[in-house]
Amino acid sequence: MTIDVNEPAKASLAHFVIDAKASRFTVQAFASGILSAMGHNPKIGIRTFSGEVDFNPETLEGGAFRLTVQSASLGVQDDISDKDRREMERLMKEDVLEVAKYPEIRYEAAAIAVSRVDGALYSATLNGNLSLHGVTRSQAITTRIATFDEILRASGEFTLKQSDYQIKPLSVAGRALKLKDEVRFSFEMVARKQE
């Protein structure tokens, strides 16, 4: 093996794995239609997901980021009756997301653009691909990152249109109450450094 002493040593990227139990990932849907004033804007919790990222805070380098969500793990978080919750979740899983046909939602970004905000605070832009409901589209996500010893915390939000992924927004009560096409995702992710 030959080592070129003129080539600067590349700083290695640390590998971080998302701790789903310490993280929060939600989807906010918005009501429309004649009865929307009496309806509510459902908040959906994403319960089962995993992911990883490579990052070096000293050199401001970000490597690949991958996130996988089990689509059947989405559940309504609102304070509604158990009967209404079960019905909304059934409609969401069977008619909207079609979880039997599309069990996973994936987001992958080959690289991350990172800039330092202050000290251990960073801003990062991910230009990756989101695969949802059998459709893959480009999706940019901007996130705030803070590092603490062996822990990385990332937070942010992004919106998308369900119709871009061939998803028909949920409607009930003869379409008098339906959800708007645009939904907002919010996340607070905790990732732990792996050796």
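Rules used in this analysis
- Residues numbered from 1 in each chain as written.
- Predicted model: local features only at pLDDT ≥ 70, side-chain atom pairs only at ≥ 80, totals over all residues.
- Heavy atoms only, no water.
- pLDDT = per-residue confidence, 0-100.
- Helix = DSSP H or I, 4+ residues; strand = E, 2+ residues; numbered from the N terminus.
- 1 Å grid on protein atoms, 1.4 Å probe; cavity = no way out; pocket = protein on both sides within 12 Å on 5 of 7 lines; lining within 4 Å.
- Points joined across faces, edges and corners; volume = space filled by probe spheres on them.
- Nonpolar A, V, L, I, M, F, W, Y, C, P; charged D, E, K, R; others polar.

**Q** Could you give an account of the confidence of the model for the chain, with specific residues and numbers?
**A** Put simply, the chain has an average pLDDT of 87, and 87% of its residues get 70 or more. Strand 13 (residues 171-172) is the least confidently modelled element of the chain, averaging 66 in pLDDT, while strand 8 (residues 104-109) averages 97, the highest of any element.

**Q** Can you tell me about empty space enclosed by the protein, naming the residues and giving the values?
**A** Within this structure, the stated rule accounts for 3 cavities of 30 Å³ or more. Approximately 410 Å³ is the volume attributed to the largest cavity. Forming the walls of the largest cavity are 28 residues, and the residues nearest its centre are Phe65, Leu67, Leu126, Phe187 and Met189. Of all elements in the fold, only strand 5 (49-56), strand 6 (61-70), strand 8, strand 10 (121-132), strand 11 (135-148), strand 12 (151-161) and strand 15 (182-194) reach the threshold of two or more residues within the lining of the largest cavity. Here the lining of the largest cavity gets 5 residues from one element, more than from any other, and that element is strand 15. Partitioned by chemical class, the residues of the lining of the largest cavity number 26 nonpolar, 1 polar and 1 charged. What the second largest cavity holds in volume is close to 280 Å³. Around the second largest cavity, the lining comprises 19 residues; the ones closest to its centre are Val27, Met92, Val96, Gln162 and Val183. Mapped by element, the contributors of at least two residues to the lining of the second largest cavity are strand 7 (74-76), helix 1 (82-96) and strand 15. The element contributing the most residues to the lining of the second largest cavity is helix 1, with 3 residues. Along the lines of polarity and charge, the residues of the lining of the second largest cavity split into 18 nonpolar, 1 polar and no charged.

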